[in-house]
There are 2 protein chains.
Amino acid sequence: MKRVKLVVAYDGTNYCGWQLQPNGITIEEVLNRELTALLGEEIRVIGASRTDSGVHALGNVAVFDTDTRIPAEKLSYALNTRLPEDIKIQSSEEVDPEFHPRHCDSVKTYEYRIWNHSFANPVERLYTKFSYYDLDVEKMQQAGDYLVGTHDFASFCSAGSQATTTVRTITELKCFRDPEEPRRIRIRVKGTGFLYNMVRIISGTLMEIGMGLKAPEEMKDILLACDRSKAGPTAEPQGLTLVGIEYLP
Amino acid sequence: MKRVKLVVAYDGTNYCGWQLQPNGITIEEVLNRELTALLGEEIRVIGASRTDSGVHALGNVAVFDTDTRIPAEKLSYALNTRLPEDIKIQSSEEVDPEFHPRHCDSVKTYEYRIWNHSFANPVERLYTKFSYYDLDVEKMQQAGDYLVGTHDFASFCSAGSQATTTVRTITELKCFRDPEEPRRIRIRVKGTGFLYNMVRIISGTLMEIGMGLKAPEEMKDILLACDRSKAGPTAEPQGLTLVGIEYLP
């Protein structure tokens, strides 16, 4: 028996998120089905981040236990031949049997992307949120700076969260226009853990600040209020990508 | 009566190319249908570039004549509310009635993109060609340099072309890895005119050179041969984007 760690990339457009659910196809379901068929034993993956419906990933992480003799490094190739084009393994490796993708310390990087122009861009539509308001990225960055550090992020957590505490640590928040394509705004957030919908609520709030509906300084009050109703809307899922997860030694 | 110029962006994934045809929906068809419905008069657009099935555009150009009193600049907004998400007008303006998008002198910029990594990337799949061979971009650039200038590009023209001459001018050909994402190779080609499938055949040939199947110097012989069978394969359509068209005064 060995434990295998997969780095999984997917286009979330056509999936009801990561986690198994009765009413729609999910990434976890496809991985379980194809691993089970490939290895001839019942496989159940454990995912690091249970991304929402429509959210994308370049590097989500999953582990599973198997008796296979196929070397762990080869599994990515074998599995990819079975997976659909919108889910592809980026690497596979054997890990310590104690390794757990959610319980081990990690830094996750998310990116929320906005297409900010008078007109929507068809080739960006699946991976950005479109906004025709001229967003003030400097103000968004000013506001975002209040969120860096360890805080109670209850204002940025949707109802339905099973978290026992709403204290989380954001280690970095950068809001900038893409140097090559300034119509693309990128909100890059790194942290050791995130609440349900946290990055999308932060992004929705930053967009209100970018539009001038709220002053950057209000972000401080929103944070201190620990009240979801003070923050902005949950930004649409297709703008969000889980870029990667780095596990700390 | 006035002539209106549209800059049109589209995701070609779900279309049988630009040009009207009996067996599938095309960009031209959707524009004609929605302009006719919007303006209440029969509209037929004339397109600059009749892109193939699956090819994308950030800035194709179309013109049409209309009696409408709606200012030309406002038409983009009105039309976009009717268009599907994968076709969006980027600008509309009145132009001289003599302006013709194919007969007026212009420089077109195309980009062919390759995702060059051991594993395919789901969120790049619709807009790149995937290649797991480690491509040598320096050699591709060396080979591409032979194509810059005015040449007979018969070797890079698919059968079925209606062109009276196969002489064309490429003003620039740059082959490089994306500075931020080196797994993305971009072949950027500018020229005053292109033959049927020309950029895709050039890209397919450059990929063979990048793989080491052909030496960079062979590009010179391929060009001089004026024989389609000497060049590489026609690279898949989804990697190609018509970036824009600049009309010369």
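Residues numbered from 1 in each chain as written. Chains lettered and ligands numbered in written order. Predicted model: local features only at pLDDT ≥ 70, side-chain atom pairs only at ≥ 80, totals over all residues. Heavy atoms only, no water.

A separate point is the interface of chain A and chain B. Listed per partner, the contact involves 28 residues of chain A and 28 residues of chain B. Together, the buried faces of chain A and chain B total about 2,200 Å²; carbon and sulfur atoms form 57% of this surface. Of all residues in chain A, Phe119(A), Val123(A) and Arg125(A) give up the largest surface area on contact with chain B, accounting jointly for 29% of the area buried on that side. Seen at the junction of chain A and chain B, the total is four salt bridges. Between Arg186(B) and Glu180(A) there is a salt bridge whose closest N-O contact spans 2.7 Å. Viewed at the interface, chain B and chain A are joined by six residue pairs in polar contact (both at pLDDT 80 or more). The element that contributes the greatest number of residues to the side of chain A that touches chain B is strand β4 (residues 87–95) of chain A, accounting for five residues. Of the residues that constitute the side of chain A that touches chain B, the class distribution is 12 nonpolar, nine polar and seven charged. (Contact = heavy atoms within 4.5 Å. Buried area = accessible area lost by both parts, 1.4 Å probe. Salt bridge = Lys/Arg side-chain N within 4 Å of Asp/Glu carboxyl O. Polar contact = N/O pair within 3.5 Å; in protein donor to acceptor, adjacent residues only side chain to side chain. Helix = DSSP H or I, 4+ residues; strand = E, 2+ residues; numbered from the N terminus. Nonpolar A, V, L, I, M, F, W, Y, C, P; charged D, E, K, R; others polar.)

A few words on the packing of helix α1 (residues 27–39) of chain A against helix α2 (residues 72–82) of chain A. The relative placement of two packed helices comes down to the angle between their axes together with the axis-to-axis distance. Residue and element names in this part refer to chain A. With their axes 10 Å apart at the nearest point, α1 and α2 run at an angle of 115° to one another. Relative to α2, the element α1 is oriented roughly perpendicular. α2 is crossed by α1, and the crossing has right-handed handedness. Contact residues: Leu31, Glu34, Leu35, Ala37, Leu38 and Leu39 in α1; Leu75, Ala78, Leu79 and Arg82 in α2. (Axes fitted to C-alpha atoms, helices over the stretch in contact; angles between N-to-C directions. Parallel < 35°, antiparallel > 145°, perpendicular 65-115°, else oblique. Left-handed = near helix turned anticlockwise from the far one by under 90°.)

Attention now goes to helix α3 (residues 137–145) of chain A. All names here are of chain A. The set of residues buried in α3 consists of Val137, Met140, Gln141, Ala143 and Gly144. Angular distribution of buried residues about the axis of α3 spans 165°; they occupy a single face of the element. For α3, the capping residue at the N-terminal end is Asp136, with a side-chain oxygen 3.1 Å from the backbone nitrogen of Glu138. (Buried < 20%, exposed > 50% of the residue type's maximum accessible area, 1.4 Å probe, protein only. Arc of directions from axis to C-beta.)

Attention shifts here to the pairing of strand β8 (residues 167–177) of chain A. All names here are of chain A. With four bridges joining them, strand β7 (residues 149–152) and β8 adopt antiparallel strand pairing. Residue pairing for β8: Thr150 is matched across the bridge by Thr169. Relative to strand β9 (residues 184–191), β8 runs antiparallel, the two being bridged by seven bridges. Each residue of the ladder has a partner; that of Leu173, found in β9, is Val189. (Pairing = 2+ DSSP bridges.)

All right, on to the packing of helix α3 (residues 137–145) of chain B against helix α4 (residues 198–211) of chain B then. Residue and element names in this part refer to chain B. The contact between α3 and α4 brings their axes to 8 Å, and the two run at 135°. The pairing of α3 with α4 is recorded here as oblique in orientation. Between α3 and α4 the crossing geometry is right-handed. Taken together, the residues of α4 that come into contact with α3 (itself represented by Lys139, Met140, Ala143 and Gly144) are Leu206, Met207, Ile209 and Gly210.

As a further point, take the environment of Leu31(A). All names here are of chain A. Tracing the chain through its elements places Leu31 in helix α1. In this structure Leu31 comes out as buried when scored by relative accessible area, which is 0%. Taking the C-alpha atoms as reference points, Leu31 and Arg82, separated by 51 residues in sequence, lie 9.7 Å from one another. Every residue in contact with Leu31, bar those within four places of it in the chain, is listed here: Val8, Trp18, Val45, Leu79, Leu83, Ile87 and Ile89.

What follows covers the relation of the copies chain A and chain B. Between chain A and chain B, which share one sequence, the superposing operator has a rotation angle of 180° and an axial displacement of 0.0 Å; the RMSD is 0.0 Å. The operation mapping one copy onto its partner corresponds to a two-fold rotation axis. Taking the C-alpha atom as reference, chain A places Glu180(A) closest to the rotation axis, 4.8 Å from it. In this assembly, 100% of the residues forming the interface of chain A have copies in chain B that are likewise at the interface, indicating an isologous arrangement. (Least-squares fit on C-alpha atoms with pLDDT ≥ 70 in both.)

A contiguous nonpolar patch, built from Tyr132(B), Tyr133(B), Met211(B) and Leu213(B) and spanning about 440 Å² of accessible area, is present on the exposed surface. Within the secondary structure, Leu213(B) is located in the loop between α4 and α5 (218–225). (Patch = residues over 30% accessible without salt bridge, like charges linked within 9 Å, V, L, I, M, F, W, Y side chains within 5 Å. Areas by Shrake-Rupley, 256 points an atom, 1.4 Å probe, with all protein chains shown as cover.)

A separate point is α5(B). Residues and elements named next belong to chain B. For α5, the set of buried residues is Met219, Ile222 and Leu223. Projected down its long axis, α5 shows its buried positions confined to an angular sector of 100°, all on one face. Of the exposed residues in α5, the ones pointing more than 90 degrees away from its buried face are Asp221 and Leu224. At its buried positions, α5 is contacted by α3, β7 (149–152) and α4. At the exit of α5 stands Cys226, carrying a positive phi of roughly 50°.

Right, let's talk about the confidence of the model for chain A for a bit. Per-residue pLDDT for chain A averages 96, and the proportion of residues at 70 or more is 100%. Among the scores for the predicted complex, ipTM is 0.91 and pTM is 0.94. (pLDDT = per-residue confidence, 0-100.)

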